[in-house]
Amino acid sequence: MQVDFSKSPDGLVPAIIQDAITNKVLMLGYMNREALDKTLAEGKVTFFSRSKNRLWTKGEESGNFLHLQHTAVDCDGDTLLFKVHPVGPVCHTGTDTCWGEKNKEATAFLHSLEQVIRDRKSNPTEKSYTASLFAKGINKIAQKVGEEAVEVVIEAKDDNDELFLNESADLLFHYLILLQAKGFTLEDVVTILKDRHK
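Note that the structure is a prediction, hence the values are computed from the model and not measured. Residue numbers restart at each chain and count upward from 1, following the sequence in its written direction. Local features in a predicted model are, by the rule used here, given only for residues with pLDDT of at least 70; side-chain atom pairs are given and counted only at 80 or more, and totals for whole chains, interfaces and linings are based on all residues. Processing note: side-chain calculations cover all non-hydrogen atoms of the structure and skip hydrogens and water entirely.

1. Here's the deal with helix H4 (residues 138-156)
Okay, step 1: Numbering of helices and strands starts at the N terminus; helices are DSSP runs of H or I of at least 4 residues and strands are runs of E of at least 2. To estimate how far a helix should extend, the number of its residues minus one is multiplied by 1.5 Å. Here H4 is 19 residues long and its end C-alpha atoms lie 27 Å apart, about the 27 Å a rise of 1.5 Å per residue gives.
Okay, step 2: Think of it in three bands: residues with accessible area under 20% of the maximum for their type are buried, residues over 50% are exposed, and the middle band is partly exposed, with areas taken using a 1.4 Å probe on protein chains only. Among all positions of H4, only Ile141, Lys144, Val145, Glu148, Val152 and Glu155 are buried. All buried residues of H4 project into a common sector of 100° when viewed along the axis, lining one side. Opposite the buried face of H4, by more than 90 degrees, sit the exposed residues Asn139 and Val153.
Okay, step 3: Should any heavy atoms of two residues lie within 4.5 Å, those residues are considered in contact. The elements touched by buried residues of H4 are helix H3 (129-136) and helix H5 (161-181). Think of it as the arc spanned by the lines of direction from the helix axis to the C-beta atoms.

2. What about the pattern of salt bridges?
Two side chains bearing opposite charge may form a pair once their charged atoms approach each other closely.
Okay, step 1: Should a side-chain nitrogen of Lys or Arg be within 4 Å of a carboxyl oxygen of Asp or Glu, the pair is scored as a salt bridge. Taken as a whole and judged by the stated rule, the model has seven salt bridges.
Okay, step 2: Across the pair glutamate 147 and lysine 144 runs a salt bridge whose closest N-O atoms are separated by 3.8 Å. One end of the pair, glutamate 147, and the other, lysine 144, are both in helix H4, three residues apart, so they sit about a helical turn from each other.
Okay, step 3: Judged by relative accessible area, glutamate 147 falls into the partly exposed class, the value being 29%.
Okay, step 4: When salt bridges with common partners are traced through the structure, they connect Lys144, Glu147 and Glu148 into a single cluster.

3. A closer look at the pairing of strand E4 (residues 54-57)
Okay, step 1: Bridging between strand E3 (residues 46-49) and E4 involves four bridges; their strand directions are antiparallel. Bridge pairing links phenylalanine 47 to tryptophan 56 in E4.
Okay, step 2: Strands are labelled as partners when DSSP assigns at least two bridges between them. Remark: four residues form the turn of the hairpin made by E3 and E4, two consecutive strands paired antiparallel; asparagine 53 in that turn has positive phi of roughly 55°.

4. What to know about the sheet that holds strand E1 (residues 13-19)
The strands making up a sheet associate through hydrogen bonds between their backbones, and the pairing can be parallel or antiparallel.
Okay, step 1: If you trace the four strands from one edge of the open sheet to the other, you get E2-E1-E6-E5, paired in mixed fashion. Each having just a single partner strand, strand E2 (25-31) and strand E5 (66-73) make up the two edges of the open sheet. The mean angle between the axes of side-by-side strands here comes to 30°, regardless of whether they run parallel or antiparallel.
Okay, step 2: Where E1 meets E2, six bridges bridge the pair, whose relative direction is antiparallel. In this analysis an axis means a line fitted to C-alpha atoms, helices contributing only their contacting stretch, and an angle means the value between N-to-C directions, from 0 to 180 degrees.

5. Observations regarding the packing of aromatic side chains
Okay, step 1: Pairing of aromatic rings covers Phe, Tyr and Trp, the last counted by its six-membered ring, and requires centre-to-centre distances within 6.5 Å; plane angles under 30 degrees mean stacked, over 60 mean edge-to-face, and any other angle means tilted. Summed over the entire model, instances satisfying the criterion amount to one aromatic pair.
Okay, step 2: Look at phenylalanine 47 and tryptophan 56: their rings are 5.6 Å apart centre to centre, the planes differ by 25°, and that puts the pair in the stacked class.
Okay, step 3: Residue classification places phenylalanine 47 among the buried residues on the basis of a relative accessible area of 2%.

6. Thoughts on the domain arrangement of the protein
Okay, step 1: Each domain's extent was defined by an automatic or database domain assignment. On domain assignment, one finds that the protein holds domain 1 (13-86) and domain 2 (106-197).
Okay, step 2: Between domain 1 and domain 2, the C-alpha centre-to-centre distance is 34 Å.

7. Description of the nonpolar core
Okay, step 1: In plain words, nonpolar cores are sets of buried Ala, Val, Leu, Ile, Met, Phe, Trp, Tyr and Cys residues tied together by side-chain atoms within 4.5 Å. In this structure, Ile17, Met31, Phe47, Leu66, Leu80 and Phe82 are the most contacted members of the largest nonpolar core, which totals 21 residues.
Okay, step 2: Counting only elements with at least two residues in this core, the list comes to E1, E2, helix H1 (33-42), E3, E5 and strand E6 (80-86).
Okay, step 3: Core analysis: the second largest hydrophobic core is formed by 12 residues, Ile141, Val145, Leu179 and Leu186 among them.

8. Re unusual backbone geometry
Okay, step 1: The phi angle at asparagine 23 is positive, at roughly 65°, despite the residue not being glycine.
Okay, step 2: Looking at the element boundaries, asparagine 23 is found in the loop between E1 and E2.
Okay, step 3: Look at asparagine 23 and you get partly exposed, because its relative accessible area is 40%.
Okay, step 4: One non-glycine residue, asparagine 53, lies in positive phi territory at about 55°.
Okay, step 5: Structurally, the position occupied by asparagine 53 is in the loop between E3 and E4.
Okay, step 6: Note on asparagine 53: relative accessible area 59%, which makes it exposed.

Shown next as structure tokens:
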């Protein structure tokens, strides 16, 4: 990464912190070269604290670390973006974000799950149930989706909410596998739904 720390008189650049799964912006901090190097080396976000006038690893006292997943620099080379997995609340006030917003996005997890499924397809292992389905081919995957759909219908007619939700989760999981097997993603399906909604 080519980061231009010289654009700021104090040698600091803004660092935007974003949740790697929900894409929610969690906080903004500042980094100098040393803070960036430490972040990249240790995998935990470290800032230069302007109030403490020193390096400060987020979570060093609270344990609410920001585990680094992805790093990017903007087109001008003077702003950083870090996608992280946060441990606990991010703000010192105890909220999920420094804007007091909740960091919960149920559907964002589906995108993360799709990445895991894609990885199982590209890098199969013997212990992976998902990889074994891909190995059996499209007919077996489609059959599993059909079986799970029937089980959802059966449970929908009963009064056991826990069984209904578990079978619904199984159906959705196998449907995501089927989409990957066909070369599509959930976003492709959502695009069609959005077009229909217009």
